[in-house]
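As a plain string of letters, each chain reads:
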Amino acid sequence: MFKTATVIWINVNLATMDQTIDGGYGALRNQAIGICDDRIIAIAPMQDFVAPLGEVTIIDAKDRWLTPGFIDAHTHLVYAGHRADEFEQRLQGVSYTQIAKLGGGILSTVKATRRATLEELVTQSQPRLSALMAEGVTCVEIKSGYGLNIDDELKMLRAAKILDANNPVRVTTTLLAAHSVPPEYKNNPDQYIDLVCEQLIPLAVDESLVDAVDVFCEQIAFSPAQCERVFEAAQKHGLAIKGHMEQLSNQQGSQLAARYHALSVDHLEWLDEAGVQAISSSNTVATLLPSAFYFLRETKLPPIELLRRYQVPIAVATDLNPGSAPLASIRLAMHMACTLFRLTPHESLAGVTCHAAKALGLSASIGQLKVGMKADMLLWNIESPAQLSYQFGMHELLQKVFDGRISDVG
Ligand code: NIG
Ligand code: FE
């Protein structure tokens, strides 16, 4: 079994996150796990383990825990500038929606992002990506959405691709051109949607810049009918579909996304039972973003009980962005998912592993410790996986494995 392994961890507890293994976390205690290059090739209890002959690195994990690498399935980490001034305004009582209506909000980051060169965008975004990787993120989704014209949307996606090439992390890219109505199309948003569908999506596809398409379905952004046009164009080009849905009001965007078999719908504070039912039938993941809920000081909770009742897979992500979630920490998002949304530590870990993989359409290759899966793994100095959600800022990470490549945490 372990014959061709290049690295083997022994005396290790596995939080496999394999939902078919009974008990929380798909836990297997006192195991050996072997990888060959970038794949997991063998898992066996220690009592059955015989060290293979030949050249292999054996790491004694000393009864510590190994988890799948964390997957941050919703970020806007490529952008220029910051919005600390709006933070101050909001602390004085001005709302996120008011700021957006006055031409600030997303549009203020659009101005800064349009001004930045590709290189500047990469340089400014790198520290945010590094912060996520430092905490154990081995796969991250990055959205466009602060360009809002052909050149600058493509520039954002190219920046995400450069970050992918420059870092060990796996990056997936999402075109969020329908994020906000650009000032040039203020009086004719439908014409902007034409541009997105007829020009931007085909160009992004031609340059292999994009895996999925996202929309912001909201009063301050795009109507369900406009979002549907974007979904149709995405579907025509074979792109996966995602949506910022029911964040500030119930637009029934989740039901629309479910009709298009969206990979995920995200935010969901205003989601109702019909919406939960729809996404459950379409096997769409509900991605919760507690950091945005926290930072905007929202009070309406997403319908967690209904999501559980309808057995909707729940992902948890940072939503890292300059306006509603300037928090580059997946561990804080996990912690907040428990403290603010009352997810269990098991649900929160599933939210950044197996269910996050599903939200990106990658559940066949990442998100679980299973033979055949990619070797994206994290070794933790903890006694129970619940500690990963319970405590925060404790530096328990010992080793990160990106696609089979080990980096020890100093
Ligand atoms: O996911 N809701 C829309 N988009 C982002 C916020 C973007 C911004 O304010 O810059 C979000 O919360
Ligand atoms: Fe977002």
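Residues numbered from 1 in each chain as written. Chains lettered and ligands numbered in written order. Predicted model: local features only at pLDDT ≥ 70, side-chain atom pairs only at ≥ 80, totals over all residues. Heavy atoms only, no water.

1. As for the site of ligand 1
Cut-off, in case you're wondering: If even one non-hydrogen atom of a residue comes within 4 Å of a molecule or strand, that residue is called near it. Under the rule applied, a polar contact is a pair of N or O atoms within 3.5 Å (in protein, one hydrogen donor and one hydrogen acceptor; residues adjacent in sequence only if both atoms are side-chain atoms). Here the accessible surface of atoms and residues is derived via Shrake-Rupley with a 1.4 Å probe, and residues count as covered only by protein chains that are part of the display. Gly falls in the polar group here, along with every residue not listed as nonpolar (Ala, Val, Leu, Ile, Met, Phe, Trp, Tyr, Cys, Pro) or charged (Asp, Glu, Lys, Arg).
Around ligand 1, the structure places 15 residues, and the nearest of them are Tyr96, Tyr146, His179, Gln247 and Ser324. Between ligand 1 and His76, the relevant distance is 3.3 Å, taken from an oxygen atom to a side-chain nitrogen or oxygen of the residue. Calculation on ligand 1 without its partners gives an accessible area of 330 Å², and the protein chains cover 100% of this total. Here the shell around ligand 1 is composed, by residue class, of four nonpolar, nine polar and two charged.

2. Remarks on the domain arrangement of the protein chain
Cut-off, in case you're wondering: Annotation comment: domain bounds sourced from an automatic or database domain assignment. Contacts between residues were defined by any pair of non-hydrogen atoms, one from each residue, lying within 4.5 Å. Summed over both partners, the accessible surface that disappears when two parts come together, traced with a 1.4 Å probe, is what is meant by buried area. Salt bridges, as used here, are contacts in which a Lys or Arg side-chain nitrogen is within 4 Å of a carboxyl oxygen on Asp or Glu. A run of H or I in DSSP counts as a helix once it spans at least four residues, and a run of E counts as a strand once it spans at least two, with each numbered from the N terminus.
Partitioning the protein chain into structural domains gives domain 1 (7-68 + 367-408) and domain 2 (70-359). Taken over C-alpha atoms, the centre of domain 1 sits 30 Å from the centre of domain 2. Listed as interface residues are 27 residues of domain 1 and, on the opposing side, 26 residues of domain 2. In total, about 2,100 Å² of surface goes out of reach between domain 1 and domain 2, with carbon and sulfur atoms giving 62% of it. On the surface where domain 1 and domain 2 come into contact, there are three salt bridges. A salt bridge links Arg170 to Asp403; the shortest N-O distance between them is 2.9 Å. Here domain 1 is connected to domain 2 by 11 residue pairs in polar contact (both at pLDDT 80 or more). Elements with a contribution of two residues or more to the side of domain 1 that touches domain 2: strand S4 (57-68), strand S13 (377-380), helix H15 (387-390) and strand S14 (397-402).

3. Re the side chain of His76
What counts, and what does not: Only protein chains enter the accessibility calculation, which uses a 1.4 Å probe; a residue is then buried when its area is under 20% of its type maximum, exposed when over 50%, and partly exposed in between.
By secondary structure assignment, the location of His76 is in the loop between strand S5 (70-72) and helix H1 (84-91). Since its relative accessible area comes to 2%, His76 is described here as buried. If we ignore the near neighbours within four places in the chain, the residues touching His76 are Lys143, Tyr146, Leu176, His179, His244, Asp319, Leu320 and Asn321.

4. Re the pairing of strand S2 (residues 27-36)
Applied cut-off: Strands are labelled as partners when DSSP assigns at least two bridges between them.
With six bridges connecting them, strand S1 (residues 7-15) and S2 associate as antiparallel partners. In the sheet register, Ala15 faces S2, and the bridge partner there is Ala27. Hairpin connection between S2 and strand S3 (residues 39-45): a loop of two residues separates the two successive antiparallel strands, and Asp37 in this loop has a positive phi of roughly 55 degrees.

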